[in-house]
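# Structural features, examined
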Amino acid sequence: MSYSRIAGTGSYLPEKILTNADLEALVDTSDEWIVERTGIRQRHMAAEHQTTSDMAYEAALRAMDMAGVEPSEIGFLAVGTTTPDLVFPSTAVLLQERLGLPHVGAMDVNAACTGFLYALSIADKWIRVGDADKALVIGAECLTRIVDWKDRGTCVLFGDGAGAVVLEASDEPGILSTHIHANGEHVDLLRSRRGISTGFDFDLHNGGVTIEMKGNEVFKVAVRTLGRIVDETLAANNMDKSELDWLIPHQANLRIIAATARKLNMTMEQVILTVQNHGNTSAASVPLALDTAVRDGRIQRGHKLLLEAFGGGFTWGSALVQY
Ligand code: UT7
C-alpha cells in the first residue's frame, strides 16, 4: 500500500451558542466590528460537564460510521489538542478506552491550531510504513475554558468543537503530501503564559493560562506564512494552483482566508468557510470544515484539496489530499 486515504469524516459542535450579541453584553465590542474584522457571527461553547474528549468522542463515532469502520479495526490514534482533559493520561488514551479501540498507540499532539495537520501527518506516515492499516485522526478543543472573558481582543474569537477523519491504507491516492513547520521565535505574540513546570495555579485564570495574543502582529505573520506554505505544497507535488478544487483553511479570520485564496487565484466559492458559525476552534477547525463540505456534497471523490493551518508557536502546516 503506498497511500493513506480519507475513508470517513465526522465532527461535533456543542449545543450552546454564543452570538456576537451575547458578547456585546460582556465586553466593549459590536457585532459590526466582529463580523467586519473576523467574519465570525457565533461560536459554540461546551457545557460545564463537557470536556475535549467528550467532543472528540462524538466526532470520532461519526467519522467511523461514515467510513464503515469498527473501533476494533483502528490501528493508531492521534489527537491534535491544546486543551486536553487532563495533564495525563492524554486525551487520546482516554478515547482509546472510551471508543473501545484495541491497545494501539494513542497520542496527543500539541501544535496549537496546526494540531490536526501535525496529527494527520504522523498518522499518514504510520500507515504508509505499514504499521497500521487504519488510523483515527482527531482535532478537538475546549478553548472557552482558557479564554479571558474580559479581553475583547481575544474573547470574541474562540470556540469549542471537534473534527475527525478515518485514514485507511490504499493503492490509490490519498494524502499526496503533508508539510509541518515550527518557529518559536515569536512565542510572545500568541501564547498561554503558564503551564505545569512554570508554576501552574489551580485557579486557572489567576495562573495566567488564558490565551494572550497580539492579534495584529499574528495576522501579518499568518498571511505571509500561509502564502509560503501553499507554494511549498504545490511545488512538492509539481502541481499548478489551477488544479486545486478546494481550499480548506484554518478558520481563524475571514480576511486571512481570503488572502490565501487570492494567492491561489481561487474564488471564495472554492473555499470551505465555517468560521462564521463556530469562530476559531484551533486544532478542530480544519476537520470541522472538511466534514461540513463532505457531508453537504461539495467535496466529491477525486477532488484535490489543500488543507492549511497556522497557530501559536508559531506552528504551521498543510496537506494536499486527493479525496
Ligand atoms: O488561530 C491562530 C492564529 N490566530 C490568528 O490568525 C488571528 C490573527 N489576528 C486577527 O485575526 C486579527 O488581528 C484580530 C481579529 C484579532 C484583530 O483585528 P485587527 O484588524 O488586527 O484589529 P487590531 O488588533 O489592529 O485592533 C484595531 C482596533 C483597536 O482599537 P484602536 O487601538 O484602533 O482604538 C482595538 O482595541 O480594534 C479594537 N478592538 C476591538 N474593537 C471592538 C480589538 N478587539 C475589539 C473588539 N471589538 N472585539
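Presented here is an overview of the structure given in this document. Quick caveat, the model's predicted, so the values are computed rather than measured.

## Things to note about the pattern of salt bridges
By the definition in use, this model includes eleven salt bridges. Each of the salt bridges in this network shares a partner with another, and the network as a whole consists of Glu73, Asp133 and Lys134.

## Quick look at the pairing of strand S11 (residues 246-249)
Side-chain positions along a regular strand alternate between the two faces of the sheet. What you see with S11 is no split at all: Trp246 and Ile248 on one side and Leu247 and Pro249 on the other are buried throughout. Bridge count for S11 against strand S12 (residues 304-311) is four bridges, and the pairing is parallel. Pairing of Ile248 across the sheet is with Leu307, part of S12.

## A closer look at the site of the ligand
Residues in contact with the ligand amount to 24 residues; listed here are only the nearest, Thr29, Arg37, Asn216, Asn253 and Asn280. Taking Arg152, its main chain carries an N or O atom lying 2.9 Å from a nitrogen atom of the ligand. Within the side chain of Asn216, a nitrogen or oxygen atom sits 2.7 Å from an oxygen atom of the ligand. Surface burial for the ligand is 73%, taken as the share of its 950 Å² of free accessible area covered by protein chains.

## Structural notes on the packing of aromatic side chains
Scanning the entire structure with this criterion turns up two aromatic pairs. Ring centres of Phe76 and Trp126 lie 3.9 Å apart, and the angle between their planes is 10°; on these two criteria the pair is classed as stacked. Residue Phe76 is located in strand S4 (residues 76-80), and its partner Trp126 is located in helix H5 (residues 115-128); the two are separated by 50 residues in the primary sequence. With relative accessibility at 1%, the residue Phe76 sits in the buried group. Given a relative accessible area of 31%, Trp126 falls into the partly exposed group. An angle of 40° between the planes, with centres 4.7 Å apart, marks the rings of Phe310 and Phe314 as tilted. Across this residue pair, the class does not change: Phe310 and Phe314 are buried. One Lys or Arg, Arg98, reaches over the ring of Tyr57 and ends 4.1 Å from the middle of that ring. Of note, Arg301 hangs over the ring of Tyr323, and the distance from its end group to the ring centre comes to 3.9 Å.

## Points about the nonpolar core
Ranked by internal contacts, the top residues of the largest apolar core, which has 34 residues, are Leu120, Leu167, Ile248, Ile299, Leu305 and Leu307. Mapped onto this core, the elements with two or more residues apiece are S4, H5, strand S6 (134-142), strand S7 (160-170), S11, helix H10 (285-295), S12 and strand S13 (315-322). Element by element, the count of residues in this core is highest for H5, at seven residues. Leaving out residues up to four positions away in the same chain, Leu305 has contacts with Trp246, Ile248, Leu290, Ile299, Ala319, Leu320, Val321 and Tyr323. Leu23, Ile34, Cys155 and Trp316 belong to the second-largest nonpolar core, a separate cluster that totals 27 residues.

## So, the state of the cysteines
Enumeration over the complete set of coordinates arrives at zero disulfides. Cys113 takes part in no disulfide bond, and the closest cysteine sulfur, belonging to Cys142, lies 15 Å away. Classification of Cys113 as buried rests on a relative accessible area of 10%. A relative accessible area of 4% places Cys142 in the buried class.

What counts as what
Residues numbered from 1 in each chain as written. Predicted model: local features only at pLDDT ≥ 70, side-chain atom pairs only at ≥ 80, totals over all residues. Heavy atoms only, no water. Salt bridge = Lys/Arg side-chain N within 4 Å of Asp/Glu carboxyl O. Buried < 20%, exposed > 50% of the residue type's maximum accessible area, 1.4 Å probe, protein only. Helix = DSSP H or I, 4+ residues; strand = E, 2+ residues; numbered from the N terminus. Pairing = 2+ DSSP bridges. Near = heavy atom within 4 Å. Polar contact = N/O pair within 3.5 Å; in protein donor to acceptor, adjacent residues only side chain to side chain. Areas by Shrake-Rupley, 256 points an atom, 1.4 Å probe, with all protein chains shown as cover. Phe/Tyr/Trp six-rings, centres within 6.5 Å; stacked < 30°, edge-to-face > 60°. Lys NZ or Arg CZ within 6 Å of the ring centre and 35° of its normal. Core = buried A, V, L, I, M, F, W, Y, C linked by side-chain atoms within 4.5 Å. Contact = heavy atoms within 4.5 Å. Disulfide = S-S within 2.5 Å.

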